[in-house]
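The chain contents come next:
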Amino acid sequence: MSVDRLRVLREFADRGTISAVAAALSMTPSAVSQQLKTLAKEAGVALLEPDGRRIRLTDAGQALVVRADEVLAAVDRAVAEMAHYRGSPRGRVRVALFPSGAALLLPLVLPALAGSDVDVVARDEDVPPSGVPRLLADYDIVLTHRDERSGSVAGPRIASRFLMREPIDVVVAPTHRLAGQSSVTPAELAEETWLSVRGGFPVDDVLESIATVTGVQPRIAQRLNDFRVIETLVASGYGVALMPRFAVAHPDLAVLRLAGVRAARNYDLVTRPHAERRPAIATVLAAFRAAANQVTAE
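Residues numbered from 1 in each chain as written. Predicted model: local features only at pLDDT ≥ 70, side-chain atom pairs only at ≥ 80, totals over all residues. Heavy atoms only, no water.

1. Concerning empty space enclosed by the protein
Taken as a whole, this structure holds two cavities of 30 Å³ or more when the rule is applied. Put simply, the largest cavity is a space of about 50 Å³. Lining the largest cavity we find Leu189, Ala190, Trp194, Leu207, Ile210, Ala211, Thr214, Val216, Gln217 and Pro218. Ranked by residues supplied to the lining of the largest cavity, first place goes to helix H7 (residues 202-214) with four residues. Across the lining of the largest cavity, the residue classes tally to eight nonpolar, two polar and no charged. Each pocket or cavity is described by its volume, and for the second largest cavity that value is around 30 Å³. Every residue lining the second largest cavity is listed: Phe98, Glu125, Val127, Val132, Leu135, Val142, Leu143, Thr144 and His145. For the lining of the second largest cavity, the elements supplying multiple residues, two or more each, are helix H6 (132-135) and strand E5 (141-147). Residue contributions to the lining of the second largest cavity peak at four residues, all from E5. (1 Å grid on protein atoms, 1.4 Å probe; cavity = no way out; pocket = protein on both sides within 12 Å on 5 of 7 lines; lining within 4 Å. Points joined across faces, edges and corners; volume = space filled by probe spheres on them. Helix = DSSP H or I, 4+ residues; strand = E, 2+ residues; numbered from the N terminus. Nonpolar A, V, L, I, M, F, W, Y, C, P; charged D, E, K, R; others polar.)

2. Observations regarding the layout of surface pockets
Size it by volume and the largest pocket reaches roughly 350 Å³. Arg10, Asp76, Arg94, Asp140 and Arg272 are the residues nearest the centre of the largest pocket, which is lined by 20 residues in total. Elements supplying a minimum of two residues to the lining of the largest pocket: helix H1 (3-15) and helix H4 (59-86). Taken together, the residues that form the lining of the largest pocket break down as seven nonpolar, one polar and 12 charged. When its volume is computed, the second largest pocket comes out at roughly 260 Å³. Looking at the second largest pocket, it is lined by 18 residues, and the ones nearest its centre are Pro99, Ser100, Asn225, Asp226 and Phe227. Sorting the residues of the lining of the second largest pocket by element identifies helix H5 (99-113), H7 and helix H8 (227-235) as the ones contributing at least two each. Looking at which element gives the most residues to the lining of the second largest pocket, the answer is H5, with four residues. Along the lines of polarity and charge, the residues of the lining of the second largest pocket split into 11 nonpolar, three polar and four charged.

3. What about the UniProt feature "domain: HTH lysR-type" (unreviewed entry) in the protein chain?
With numbering aligned to this structure, UniProt lists the feature "domain: HTH lysR-type" (unreviewed entry) at residues 1-58. Along residues 1-58, the helical share is 62% and the strand share 14%, with 18 Å between the first and last C-alpha atoms. (UniProt positions renumbered as here; feature names shortened; annotations may be inferred.)

4. Considerations on the pattern of salt bridges
Applying the stated criterion to the full structure yields 26 salt bridges. The shortest N-O distance in the salt bridge between arginine 177 and glutamate 192 comes to 2.7 Å. Here the residue arginine 177 occupies a position in the loop between strand E6 (159-172) and strand E7 (183-184), and glutamate 192 occupies one in the loop between E7 and strand E8 (193-196), the gap between them amounting to 15 residues. On the basis of relative accessible area, arginine 177 is assigned to the exposed category, the value being 57%. The network of salt bridges with shared partners includes Arg10, Asp14, Asp69, Arg157 and Arg272. (Salt bridge = Lys/Arg side-chain N within 4 Å of Asp/Glu carboxyl O. Buried < 20%, exposed > 50% of the residue type's maximum accessible area, 1.4 Å probe, protein only.)

5. Some details on the pairing of strand E2 (residues 54-57)
In this sheet, E2 lies alongside strand E1 (residues 48-51) in antiparallel orientation, the contact comprising four bridges. Within the sheet, the bridge partner assigned to glutamate 49 lies in E2 and is arginine 56. As consecutive antiparallel partners, E1 and E2 are separated by two residues, and within that stretch glycine 52 has a phi angle of approximately 70 degrees, a positive value. (Pairing = 2+ DSSP bridges.)

6. Section: a nonpolar patch on the surface
A cluster of nonpolar side chains, namely Val3, Val71, Val75 and Val79, defines an oily patch on the protein surface of about 260 Å² accessible area. Per-element accounting of the nonpolar patch gives the leading share, three residues, to H4. The residue valine 75 is located in helix H4 in this model. (Patch = residues over 30% accessible without salt bridge, like charges linked within 9 Å, V, L, I, M, F, W, Y side chains within 5 Å. Areas by Shrake-Rupley, 256 points an atom, 1.4 Å probe, with all protein chains shown as cover.)

Rendered as structure tokens:
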């Protein structure tokens, strides 16, 4: 089977439509369709089937995608090994990060790699864990976050590595009735007005846990994914909020530990399986691990 056609198949599995694959690979839709038809002839089985007005992978197609990942990873490793013989790890590594994780770790990762031949191209992508797999169509590494009680996104086509744990605290205005305390229980927060993030993100998962403990559905005034905006509103007395500990930057906020609820988010580094065998990717992964160790040790 042609490696190039296997790459087209993998793109279809990642992106879901012929037109999206054509755009990603700078091909025409008809050329993509022809490549997939030829690959089906090489495989001797149907790889695609109708799904309403669209098409989808057959069971055989899904199985071949897993093998395509392995083949393409082997090709990438061969290229990387040849680069190793030419000198130090080199190449471009595309990294997607959620914004607060980027703010925390990139200022440590980028300087650490500044003198190397590894070029990191970083982009902020703010998606819940369920949206992470689709990002691997465009990125080599995805830094994601999840509630610590949730499972990772690892699967047959996805490798996930735990990076660090970040506690989630309660933040209140300096004039708030709880501001003088070092910690707070869910019962003390039952009647508060909350500022939260959109549903599906780790901070909102903790808020749901508070509701479970108290039996009171939280009164959420606003849902915003920018922690700087949330901080400003809390400091003005508009409400209270849950925030990841290392993301708190506003000097006037009172930060309270949350007692009685497991409240933290886990950072994971997500790649395709065996991606770390490429020296450039392994170098970037190591830089993130070093950055996380430095942050959590402080």
